[in-house]
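Single-letter residue listing:
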Amino acid sequence: MFNSNIPVGKLDQKWEDYKGHVKLVNPANKRSLEVIIIGTGLAGASAAAALGELGYKVKAFCFQDSPRRAHSIAAQGGINAAKNYQNDGDSVFRLFYDTIKGGDYRAREANVHRLAEVSANIIDQCVAQGVPFAREYGGLLSNRSFGGTQVQRTFYAAGQTGQQLLIGAYQALERQIALGNVEMHTRHEMLDVVVIDGKARGIIARNLITGELERHFGHAVLLCSGGYGNVFYLSTNAMGSNVTAAWKAHKKGAYFGNPCFTQIHPTCIPVTGDHQSKLTLMSESLRNDGRIWVPKAKNDTRKPADIPEGERDYYLERRYPAFGNLVPRDVASRAAKERCDAGYGVGSSKQAVYLDYAAAIERYGKIECRKHGIDNPSAEEIRHHGVEVVKEKYGNLFDMYNKITGEDPYSTPMRIYPAVHYTMGGLWVDYELMTTVPGLYALGEANFSDHGANRLGASALMQGLADGYFVIPYTVGNYLADEIRTAPIPLDHPAFQAAEKVVSDRIHQLKNINGKQSVESFHKRLGKIMWDKCGMARNEAGLKEAVKEIQALKVEFWSDLRVPGEIDTFNPELDKAGRVADFIELGELMCLDALQRRESCGGHFREEMQTEEGEAKRDDEHFSFVAAWEFKGESNWELHKEALEFEVAHPTQRSYK
């Protein structure tokens, strides 16, 4: 039976008590222990930097040409921390509670409380690294609001917070590389985990430039490879984001937790046609000051400026007065879909709603005019000063929207619609972030642990850095303390040879199908099945159809795929083929997981299970558990259940009204 290994004791004392009793590795022994890290986004780069600083021998791998290309760079709006700078009632407990409630009571209390505890340390760490957080006039760090909260706890660097945080972690990583503590392997993709005597002991990686397969030993392996949102094809993820590293670990014995829990982000630029390969996220920080609305009349074709205030439906403010435009992402997304499905959508596709900054510009403009001593300012003066404030807060986001759509968001409302963004599911891990394979860990978005059925905005960066800087240095040491007598295993060990052969055979199989259809065409078809039947809304009939359709697509993929180019060279199509093959298998599991979870919670909305008001309806009696799936063979999984026990944040029907 798998064990979550949650420490005993009071919730707010578990982490401190754990750190006080954890096994330690002395500095001399650290120098002989090797750790492999897959992925160099915020979780991977921070873990590599932290472990390198401690003295471990670290090998870091990423498929990009530089760690700075990691998808963490795309996070825009901010990072949460319970510092209570605003003196508005925030606390560690409040951040913990908001996260548990925001995830619809489907996250593990102990992990979430630890995340809230270390959040304040993350900000101090990043400030020390020189991350240019926005500051108030007096020099204090600035905060803004995000969805699912009634306090201001989100620290930010304009609309490029992820980029600035990644640069900070990258600098720390590069320092360790220069010192020789970290060995960096760019343009390498992990294609299998090597398990020896039940423990993770290394990886098989492919050099994406030469096509060569490589064997690497490690006393422990850390997967920091991000999420799997690209299973839907259209998502806000970078094109290279994939599930392959996590999926290979899953097939080697690591359970997959809550695969059907995906994050639908309400603030994305709408789809414009079949030509698109990805979607663009407009930061949730825009909901901090923007107001969301649709016309009160169906199929209203007037320009937004021509629609009077009284003929606008600010539907989030109407339905959820306590939180208004700052309801959690799953709530805001479903509300937008409901309005569009009912015929109130805007734009040529009618699959969009307005995000309007006119009121914010006027509000900020009046404040600035008072600051400048301008009495009775004109509308033009108010607008001028208001626009300047908005530019300072969100300028790069407004510029991005303008470049993509050709519209000026300072003058006309943005058009937004929900899209796939983040995945709450991932490899199941215990309190120490270890998977069900000893010595194999999963950090950041690659694991399932901290967000339940819906992630609150600005918490992804928080989790990635918490796991890398402040959690894994303790927990991996607890494991490695018992490995100091384990000598490096020779790379000609039969387990390494067998794993490399499996990888090589699969690559040759993909290349030699010699069919007629491209990798991209299969990925698009998978994405359509997933979005239509396992997307913002799911139902039993649709999910059963999806399972059959994906199984048929898999057969077609392995019989009619065409991969151009050669194996022993740079071949992005071959790389993509392996990733899409894994996505197809994952898609089947996601639908099976959604099918067995006969309740609605967070982003998992089963149409059969909703309240009279159209909200998600949980079934705590039967589904208060983590679904942990064990791979048993092709299209065959066994479900294990980790019961969720709530000692502090007792489940109630979520309400943001």
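Residues numbered from 1 in each chain as written. Predicted model: local features only at pLDDT ≥ 70, side-chain atom pairs only at ≥ 80, totals over all residues. Heavy atoms only, no water.

### Regarding the packing of helix H4 (residues 92–102) against helix H5 (residues 109–129)
So, point 1. The N-to-C vectors of H4 and H5 enclose an angle of 135°; their axes lie 8 Å apart at closest approach. Here H4 is positioned oblique relative to H5, judged by the angle of their axes. Crossing geometry of H4 relative to H5 is assigned as right-handed. Contacts between H4 and H5 involve Val92, Leu95, Phe96, Thr99 and Ile100 from the former and Glu109, Val112, His113, Ala116, Glu117 and Ser119 from the latter.
So, point 2. Taken together, the residues that form the contact of H4 with H5 break down as 6 nonpolar, 3 polar and 2 charged. (Axes fitted to C-alpha atoms, helices over the stretch in contact; angles between N-to-C directions. Helix = DSSP H or I, 4+ residues; strand = E, 2+ residues; numbered from the N terminus. Parallel < 35°, antiparallel > 145°, perpendicular 65-115°, else oblique. Left-handed = near helix turned anticlockwise from the far one by under 90°. Contact = heavy atoms within 4.5 Å. Nonpolar A, V, L, I, M, F, W, Y, C, P; charged D, E, K, R; others polar.)

### Looking at the sheet that holds strand E12 (residues 291–295)
So, point 1. Taken in spatial order, the 5 strands make up an open sheet running E11-E15-E14-E12-E13, and their pairing is antiparallel. Unpaired on one side and paired on the other, strand E11 (262–268) and strand E13 (312–313) mark the two borders of the sheet. (Pairing = 2+ DSSP bridges.)

### A closer look at the packing of aromatic side chains
So, point 1. Enumeration according to the criterion identifies 27 aromatic pairs in this entry.
So, point 2. Ring centres 6.2 Å apart and planes at 65° place the aromatic pair Phe133 and Phe155 in the edge-to-face group. Here the residue Phe133 occupies a position in the loop between H5 and strand E4 (154–155), and Phe155 occupies one in strand E4, the gap between them amounting to 22 residues.
So, point 3. What makes Phe133 buried here is its relative accessible area of 5%.
So, point 4. Sitting above the plane of the Tyr656 ring, Lys101 keeps its charged end 4.5 Å from the centroid. (Phe/Tyr/Trp six-rings, centres within 6.5 Å; stacked < 30°, edge-to-face > 60°. Buried < 20%, exposed > 50% of the residue type's maximum accessible area, 1.4 Å probe, protein only. Lys NZ or Arg CZ within 6 Å of the ring centre and 35° of its normal.)

### A short note on unusual backbone geometry
So, point 1. The backbone of Asn84 shows a phi angle near 55°, a positive value even though the residue is not glycine.
So, point 2. By secondary structure assignment, the location of Asn84 is in the loop between strand E3 (79–80) and H4.
So, point 3. Residue Ala158 is not a glycine yet carries a positive backbone phi of 50°.
So, point 4. For Ala158, the location among the structural elements is in the loop between E4 and helix H6 (161–179).

### Quick notes on helix H11 (residues 379–405)
So, point 1. In this model, H11 (27 residues) spans only 27 Å end to end at C-alpha, well below the 39 Å of a helix rising 1.5 Å per residue.
So, point 2. Listed as buried for H11 are Ile382, His385, Gly386, Val387, Val389, Val390, Lys393, Tyr394, Gly395, Leu397, Phe398 and Tyr401.
So, point 3. Packing partners of the buried residues in H11 comprise helix H10 (358–371) and strand E15 (414–423).
So, point 4. Remark: Gly406 follows H11 within two positions and exhibits a positive phi of approximately 75°. (Expected span 1.5 Å × (residues − 1).)

### Notes on the side chain of Gln176
So, point 1. Within the secondary structure, Gln176 sits in helix H6.
So, point 2. Gln176 has contacts with Ala49, Gly52, Glu53, Asn181 and Val182, leaving out every residue within four places of it along the chain.

### Some details on the nonpolar core
One recurring pattern in soluble globular proteins: nonpolar side chains tend to sit buried together.
So, point 1. Judged by nonpolar contacts, the single largest core of 153 residues is most densely connected at Ile79, Leu222 and Tyr441.
So, point 2. Tallying contributions element by element places helix H16 (residues 572–596) first for this core, with 12 residues.
So, point 3. If we skip the residues at most four places from it in the chain, Ile79 touches Ile122, Ile123, Phe133, Arg153, Thr154, Phe155, Thr161, Leu165, Ala458, Leu461, Met462 and Leu465.
So, point 4. Ranked by size, the runner-up nonpolar core spans 34 residues in total, among them Tyr344, Ile361, Met414 and Tyr656. (Core = buried A, V, L, I, M, F, W, Y, C linked by side-chain atoms within 4.5 Å.)

### Observations regarding the packing of helix H14 (residues 519–534) against H16
So, point 1. The interhelical angle for the contact between H14 and H16, taken along N-to-C directions, is 20°, at an axis separation of 10 Å. Of the possible angle classes, the one that applies to H14 and H16 is roughly parallel. Classified by chirality, the crossing of H16 by H14 is left-handed. The segment H14 lies against H16, with Val519, Glu520, His523, Leu526, Met530 and Cys534 engaging Glu573, Lys576, Ala577, Val580, Phe583, Ile584, Gly587, Met590, Cys591 and Ala594.
So, point 2. Of the residues contributing to the contact of H14 with H16, the split by class is 11 nonpolar, 2 polar and 3 charged.

### Some points on the environment of Glu445
So, point 1. With respect to the element layout, Glu445 can be found in the loop between strand E17 (440–442) and helix H12 (460–480).
So, point 2. Measuring from C-alpha to C-alpha, the distance between Glu445 and Tyr422 comes to 7.9 Å, with 23 residues separating the pair along the chain.
So, point 3. Other than its neighbours up to four places away in sequence, Glu445 contacts Gly226, Gly227, Tyr422, Thr423 and Gly425.
So, point 4. At 2.9 Å, the side chain of Glu445 and the backbone nitrogen of Thr423 are in polar contact. (Polar contact = N/O pair within 3.5 Å; in protein donor to acceptor, adjacent residues only side chain to side chain.)

### Looking at the sheet that holds strand E7 (residues 199–207)
So, point 1. Pairing in this open sheet of 3 strands is antiparallel, and the strands run E6-E7-E8 from one edge to the other. The outermost strands of the open sheet, each flanked by one partner alone, are strand E6 (188–196) and strand E8 (213–217). Within this sheet the neighbouring strands show an average axis-to-axis angle of 25°, counted without direction.
So, point 2. Summarising the sheet, E6 and E7 pair through 8 bridges and their orientation is antiparallel. Directly across from Glu189, in E7, lies its bridge partner Arg206.
So, point 3. Packed on one face of the sheet, helix H13 (residues 494–511) meets E6, E7 and E8 and runs near 140° to E6.

### Some words on the environment of Phe155
So, point 1. For Phe155, a relative accessible area of 1% puts it in the buried group.
So, point 2. Separated by 91 residues in sequence, Phe155 and Gln64 have C-alpha atoms that sit 28 Å apart.
So, point 3. Setting aside residues no more than four positions away along its own chain, Phe155 makes contact with Gly77, Gly78, Ile79, Ala81, Lys83, Tyr85, Ile123, Phe133, Leu141, Ser142, Asn143 and Thr161.

### So, the pairing of E12
Look at any regular strand and the pattern is simple: side chains alternate between the two faces of the sheet.
So, point 1. Burial analysis of E12 places 4 of its 5 residues in the buried class, which makes it a mostly covered element.
So, point 2. As judged from the 3 bridges shared by E12 and strand E14 (residues 353–356), these two strands associate in the antiparallel manner. Bridged to Arg291 within E14 is Asp356.

### A closer look at the pattern of salt bridges
So, point 1. The final tally for this structure, using the stated rule, is 59 salt bridges.
So, point 2. Here Arg506 ties to Asp582 by a salt bridge, and the two come within 3.1 Å at their closest N and O atoms. Separated by 76 residues along the polypeptide, Arg506 in helix H13 and Asp582 in helix H16 bring together distant segments of the chain. Asp582 carries the same exposure label as Arg506, and that label is buried.
So, point 3. Look at the salt bridges and you will find they share partners, linking Asp104, Arg106, Asp330, Arg334, Arg597, Glu599, Arg618, Asp620 and Arg654 into a network. (Salt bridge = Lys/Arg side-chain N within 4 Å of Asp/Glu carboxyl O.)

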